[in-house]
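# Examination of the molecular architecture
This is what each chain is made of:
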Amino acid sequence: MTEYVNIYINGRKYEAKNGEMLLSVARRNGIYVPSLCYEEALGAYGSCRMCIVEVIAGEQKGITTSCSLACTKDLKVETDTQEIIKHRKILIELYLAQAPNSEKIRELANKYGVKNTRFKRKIEKKDPLDNKCILCGLCVRTCNELIGRGVINFINRGYKTKVNTPYFESSEICMGCKACLEVCPTDAITITDKGDTRILSSWSNTTVKMEKCIGCGKFSVPEPIRKKMDSKFFYEDEVLKNLCPDCRKKLITKKVTLISEKKVEQYVK
Amino acid sequence: MKITSLEDLENIARKGLKKLNPDNKVRISVGFATCGISVGGDDVFKTFKEKIYERKLNNLELCKTGCIGFCGEEPLVNIKMPGKSIVVLHRVTPNDVDDILQKIENETYEFHKAFFKIDDWDHVTSKIHYGDGYENIPKWNEIKFFKPTKRVVLRNSGIINPEDIDEYIAVGGYRSLYKVIKSMTPDEIIEEVKKSGLRGRGGAGFPTGLKWEFAKKEQSDVKYVICNADEGDPGAYMNRNEMESDPHMIIEGMIIGAYATGATEGIIYIRAEYPLAVERFKKAINDAKKYGLLGEKILGSNFNFDIIVTEGAGAFVCGEETALIASVEGEIGRPRLKPPYPAQKGLWGKPTNINNVETWSNVPVIIAKGGDWFSKLGTQKSPGTKVFSLVGKVKNVGLVEVELGTTIDRIVNYIGNDGVNNGKIKAVQTGGPSGGCIPENLFNTPIDYEHLAAVGSIMGSGGIVVMDDDTCMVDTAKYFLDFSIDESCGKCVSCREGLKHMHDILDDITKGKATFEDIDTLKELAQTVKVTSLCGLGKTASNPVLTTLKYFYKEYEEHVKHKRCFARVCKDLIRYVIAKDECTGCTICAKRCPVNAINGEKGKPHIISQNVCVKCGICYDVCKFNSVKKLSEAIGGEK
Ligand SMILES: Cc1cc2nc3c(=O)[nH]c(=O)nc-3n(C[C@H](O)[C@H](O)[C@H](O)COP(=O)(O)O)c2cc1C
Ligand code: SF4
Ligand code: SF4
Ligand code: SF4
Ligand code: SF4
Ligand code: FES
């Protein structure tokens, strides 16, 4: 049974599940705490450090990351003390230097009034992630833990860390699902579709074949995904199998409308 | 033979004592830990073996022992004649062997390399009177290096043969295990450890008894205990020595901890660079199994527990407990967020209790002598002793074990016997690469967890590096940062990016290219990295920077304002010149200069072309008349 506790964020009382992460509670209640590496489906990871808050009362007193702070009875936190803001601004400066091309980081910087970075910008000529990656780890974790593929991983250590396919070789196991691109907080990943091919230029130019939709004729579903779905799902109507999501939606709507129209007819009679 | 009763243990103890303190034989033991071996201890051992064979000395026992701690005086050789004290000879070379054996044969006891003698020794778990004699040789505890020390962890180091379980049993070993299995409940053991006040020696100082209690409370069919022997700090080697000199004390501690927490399996995670320790552990584990002290039905009880040795992945951060666990599981060694703590979800998701080598070493003593006895050592908040590795610019270097609360001054100036070359000691750095630098005017600081933290440093694993006027503090901060940068796992932004930028700023300062704003930026960044890093590595890596900024700001200022390095270390801020009236024109410097920067005729003063010189320092080193000067003068601004 879920147990609920009262907690206090910036002096106001909120209800939280016992053990729930503070960042989730804040998000649910519309309290802004910046975060770049937290996805509820994946759990806390702690790499971006932006979500720091100050615990005033509770077990882990002091400054700690809210994505890993479990709510307990009468936990009291402040999310925007002077000190927290000071640290966040410096972290943003670090990000500006690390990912100088990222629009998202610049937006964040503007929000905090950080105009510039005092640190040397790291710009690499042929960066597959376009000098936008902040190594938050979300793409790696999504591909490993949620998609179950493990196409990409961390390479090297320390400030030489990079994210990519092992040995920068194009991948044989990528499904082309784009989940990595979806979760990336800095829009660092480039994936483009060309004819019947999906090209993951960020991931060592991995390519994935696409299938044509028998409805509209567009290449829309990556082959490996189709194959996987075939083995996993049972389609009531075989036609659905070879349609793209858009056409599938259309067909289903049509069917439903047809059925309801018939019902209406019957009703009117 | 399996030991099941106290009588069995006593029988083995008697056997062991005959080897350790024979009454009808001469025993020669050679210091055979890595420190001794590295300066020729193995050659000495080999020579003894050959010569004993040549001389057909049957009534003589040659064996290995660990390190007594005085590493600067190795190779050490212990000579034990029947009934007499142990004489410890220092700096022994293979050439001394014949002379030593001759004297033993002649029964003249004047060994010319005699250093000190041991008549009585407190093994803590027992006391042994080894013998008497040698009026002219000082007792071990009369010499400065040993006088203020208190040996609890190093209770057997350098005396017993670490490869012989019988000798460990002879000095009271495995009695504590016997005691807990036969007469104590897990709760009583934990109570005793809590009462002792023992805190983790791996750096953070967390109360050990409390940690054990957490692990015990968890319900699980499988639980683990781990011995953290990853010791990755440069310059620190106390754990290595403890393992090489007395592996059984650690194993005994682990078995007791396993019994108390309900663990079924133990893992010793040991740095791969420590092959001798691995070897000794493996032998010790085998020997303990043969005696039924480890494995199934320990001491005839229903308690089963086994230990395996795992070699580390070779990264400093793998010493961090969650990274260590990931590494044992075959993952990359990156720390993860806590909670959950290892006690809740550790190795393979099971409750795991992890302690440092030295923490485990203290356990048998606490059981043998009682928590109360232990808590009276050291200070109230930091009871017990700690082994430190004392290195750097002091005369005596080695491992020193003192009660916590001993002042830095006592360790550095008394035990260390002052600076080398009578140079003034300027600072010490404690706690490894992420510790702080403490200036000389704070040397009255007692060494314990709280006092070190108060001056901006840490206990860490117990490294003490002594620095004198030849050390530039900015360069030192940069040097330690270099280490942390290489070891950062790269997971969190603060440590991964922050340390690199701190380094770049420090580099600019040492090159005379920085401004005062850069120093401010450095300080701000250092604070953010300290507060916001994910694991202990990043949280402490700023310490050398923050403390040198605090205590040696003047040096930073000099680098920035006057482009001058007081210690004349920073290459870009020094100049080599030849003093005209001191140069004899011997030409040696000109001959040795790799870039031909020195000109001059024989017999006439030489001159260095500054724009050619690459500042290698060779001329400075080779000039016999000290006419080459290393200068760092103020540029821009008053002198
Ligand atoms: C970067 C880093 C390196 C560490 N290295 C070691 C180590 O080499 N040995 C060790 O015992 N503890 C090390 N620790 C501390 C461990 O995480 C852990 O606190 C310790 O093993 C717990 O044992 P204790 O309670 O007996 O001290 C390290 C911590 C950090 C953050
Ligand atoms: S597109 Fe490829 S790399 Fe990206 S999440 Fe899907 S399988 Fe992984
Ligand atoms: S590519 Fe995006 S999601 Fe992946 S680590 Fe970099 S910033 Fe994070
Ligand atoms: S502080 Fe450094 S070593 Fe620790 S998790 Fe962060 S990057 Fe890795
Ligand atoms: S410091 Fe080296 S390069 Fe410079 S003059 Fe002397 S020997 Fe030559
Ligand atoms: S969201 Fe908490 S550290 Fe990234």
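Remember, predicted model here, so these are calculated numbers, not experimental data.

## Thoughts on the site of ligand 3
Ligand 3 sits among C133(A), I134(A), L135(A), C136(A), G137(A), C139(A), C184(A), P185(A), T186(A) and I189(A). When grouped by side-chain class, the residues that make up the shell around ligand 3 number eight nonpolar, two polar and no charged.

## Comments concerning the site of ligand 4
Not every one of the 13 residues close to ligand 4 is listed here, only the nearest: C489(B), K491(B), C492(B), C495(B) and C535(B). By residue class, the composition of the shell around ligand 4 is eight nonpolar, four polar and one charged.

## Focus: the sheet that holds strand β11 (residues 219-222) of chain A
All names here are of chain A. Spatially, the four strands line up as an open sheet ordered β8-β9-β10-β11, and their pairing is antiparallel. In the strand order of this sheet, the two ends are held by β8 (192-194) and β11, each with one partner. Between one strand axis and the next, the sheet turns by 40 degrees as a mean value, whatever way the strands run. The sheet contact formed by β8 and strand β9 (residues 197-200) spans three bridges and is antiparallel. Each bridged residue has a counterpart across the sheet, and for T192 the counterpart in β9 is I199.

## Digging into the pattern of salt bridges
Here the structure, examined in full by the defined rule, presents 53 salt bridges over all chains. A salt bridge links E211(A) to R226(A); the shortest N-O distance between them is 2.7 Å. Here R226(A) lies in helix α6 (residues 223-232) and E211(A) lies in strand β10 (residues 206-212), a separation of 15 residues in the sequence. The salt bridge involving R91(B) is made with E73(B); its shortest N-O contact spans 2.9 Å. Highlighted residues: R91(B) in the loop between β4 (86-89) and α4 (97-106) and E73(B) in the loop between β2 (60-65) and β3 (77-80), separated in sequence by 18 residues. Residue class for R91(B) comes out partly exposed when judged on its relative accessible area of 46%. Several salt bridges converge on common partners, so that one network encompasses K15(B), K19(B), D164(B) and D166(B).

## Focus on the sheet that holds strand β3 (residues 52-57) of chain A
Residues and elements named next belong to chain A. The five strands are arranged β2-β1-β5-β3-β4 in an open sheet whose pairing can be described as mixed. Bordering the open sheet on either side are β2 (12-17) and β4 (62-65), each of which pairs with just one other strand. For this sheet, the mean inter-axis angle between neighbouring strands, taken without regard to orientation, is 40 degrees. Against the sheet, helix α2 (residues 82-98) contacts β3 and β4, and its axis sits at roughly 160 degrees relative to β3.

## Describing the interface of chain B and chain A
In this assembly, 31 residues from chain B lie in contact with 30 residues from chain A. Carbon and sulfur atoms make up 60% of the surface buried where chain B meets chain A, a total of about 2700 Å² over both sides. The interface formed by chain B and chain A holds four salt bridges in total. Between E497(B) and K122(A) there is a salt bridge whose closest N-O contact spans 3.4 Å. The tally of links from chain B across to chain A stands at 15 residue pairs in polar contact (both at pLDDT 80 or more). Elements represented by at least two residues in the side of chain B that touches chain A include exactly α17 (473-487), α18 (493-510) and α19 (516-532) of chain B. With nine residues, the top contributor of residues to the side of chain B that touches chain A is α18(B). Residues of the side of chain B that touches chain A, tallied by class, amount to ten nonpolar, ten polar and eleven charged.

## A look at the domain arrangement of chain B
Assigned domains within chain B: domain 1 (18-162), domain 2 (174-374), domain 3 (378-468), domain 4 (473-562) and domain 5 (574-631). Computed from C-alpha atoms alone, the centre-to-centre distance between domain 1 of chain B and domain 4 of chain B is 46 Å.

## Considering the packing of helix α8 (residues 208-217) of chain B against helix α10 (residues 247-261) of chain B
When two helices pack together, their arrangement is given by the angle between the helix axes and by the axis-to-axis distance. Residue and element names in this part refer to chain B. Interhelical geometry of α8 versus α10 gives an angle of 50 degrees and a closest axis separation of 8 Å. Compared by their axis directions, α8 and α10 come out oblique. Note on element contacts: α10 touches α8 through G257, A260 and T261, opposite W212, A215 and K216. Its residues assigned to classes, the contact of α8 with α10 shows three nonpolar, two polar and one charged.

## A few points about the domain arrangement of chain A
Residues and elements named next belong to chain A. Structurally, chain A comprises domain 1 (4-79) and domain 2 (81-121). The straight-line distance from the C-alpha centre of domain 1 to that of domain 2 is 22 Å. Contacts between domain 1 and domain 2 engage 15 residues on the former and twelve residues on the latter. The three residues of domain 1 that bury the most area against domain 2 are Y32, M50 and I52, which together make up 42% of that side's buried surface. Counting across the domain 1 and domain 2 interface gives zero salt bridges. Our enumeration of links across domain 1 and domain 2 arrives at four residue pairs in polar contact (both at pLDDT 80 or more). Counting residues per element, the side of domain 1 that touches domain 2 draws most heavily on β3, which supplies three residues. Looking at the side of domain 1 that touches domain 2 residue by residue, the class counts come to ten nonpolar, two polar and three charged.

Rules and cut-offs
- Residues numbered from 1 in each chain as written.
- Chains lettered and ligands numbered in written order.
- Predicted model: local features only at pLDDT ≥ 70, side-chain atom pairs only at ≥ 80, totals over all residues.
- Heavy atoms only, no water.
- Near = heavy atom within 4 Å.
- Nonpolar A, V, L, I, M, F, W, Y, C, P; charged D, E, K, R; others polar.
- Pairing = 2+ DSSP bridges.
- Helix = DSSP H or I, 4+ residues; strand = E, 2+ residues; numbered from the N terminus.
- Axes fitted to C-alpha atoms, helices over the stretch in contact; angles between N-to-C directions.
- Salt bridge = Lys/Arg side-chain N within 4 Å of Asp/Glu carboxyl O.
- Buried < 20%, exposed > 50% of the residue type's maximum accessible area, 1.4 Å probe, protein only.
- Contact = heavy atoms within 4.5 Å.
- Buried area = accessible area lost by both parts, 1.4 Å probe.
- Polar contact = N/O pair within 3.5 Å; in protein donor to acceptor, adjacent residues only side chain to side chain.
- Domains from an automatic or database assignment.
- Parallel < 35°, antiparallel > 145°, perpendicular 65-115°, else oblique.

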